[in-house]
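Listed here are the chains, written in short residue letters.
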Amino acid sequence: MNLKKTVFALTLTLLILSCGNSEGNSASNDESSQSEQVTSKDVNFNSPCELVSSKEIKSICNVESKYEIVQADKLYTYPTCTFKWEDKKVSQVTSIGGNEVKYDMPSEVLIVMVSNSTEKMFEQATVVYKDGIDVSVGEKAIWGNKMSQLTFLAKDYMFHVHLKISNDDSDNKLKAIKVAELLIGKI
């Protein structure tokens, strides 16, 4: 037997021995059941994608079933979860060569999560809101139409919920608040 086959056989044997013990599997299954029963307040989250699903976004944003939501879990400066779909409800007008051009953009929800956040961090993060208005969500919250974004502080987490699903700012704000309430209920 050559070296590759020997290594493969040893690896396979170790895998079978570690997974094949029915008593071990039973204990493992009991542990996973118990971990599912642990409340979210006992857990640290690594991504907002662990807290909200595309099904929940579809429900909150009233996305028709014919549209597929593309969800992505990304790590930029902070963990970020994005949801996008092409329903042609968001448009933008740009001036090109003196002519106004209207084009469709995907509807989107982008959630950034910052753990171990303080009120001071919230104040620093929201200084960019030029048109910010206070909102009653979590411990502190602010909404800005220009950025189409809600930033809120709750239970040592700060979230930025950028939501652009229509050209109606009040609709975007109401849906962002619903997303925030969902997140708060899960942390």
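The rules behind the values
- Residues numbered from 1 in each chain as written.
- Predicted model: local features only at pLDDT ≥ 70, side-chain atom pairs only at ≥ 80, totals over all residues.
- Heavy atoms only, no water.
- Helix = DSSP H or I, 4+ residues; strand = E, 2+ residues; numbered from the N terminus.
- Expected span 1.5 Å × (residues − 1).
- Buried < 20%, exposed > 50% of the residue type's maximum accessible area, 1.4 Å probe, protein only.
- Pairing = 2+ DSSP bridges.
- Phe/Tyr/Trp six-rings, centres within 6.5 Å; stacked < 30°, edge-to-face > 60°.

Taking 1.5 Å per residue as the helical rise, helix α5 (residues 169–186) with its 18 residues ought to reach 26 Å, and the 26 Å between its terminal C-alpha atoms agrees with that figure. Within α5, the full set of buried residues consists of Asn172, Lys175, Ala176, Ile177, Val179, Ala180, Leu183 and Ile184.

Here strand β2 (residues 79–96) pairs with strand β3 (residues 99–115) via 13 bridges, running antiparallel. When the bridges of β3 are listed, Thr94 appears paired with Val101. In this antiparallel pair of consecutive strands, β2 and β3, the connection spans 2 residues, and Gly97 shows a positive phi of 60°. Looking at chain direction, β3 and strand β7 (residues 157–164) are connected through 8 bridges and run antiparallel. By the bridge assignment for β7, Leu110 is matched with His162.

The final tally for this structure, using the stated rule, is 2 aromatic pairs. Ring geometry for Tyr157 versus Phe159: centroids 5.9 Å apart, planes at 25°, classification stacked. With respect to class, Tyr157 is no different from Phe159; both count as buried. Ring-pair connections join several aromatic residues into one group, and the members of that group are Phe152, Tyr157 and Phe159.

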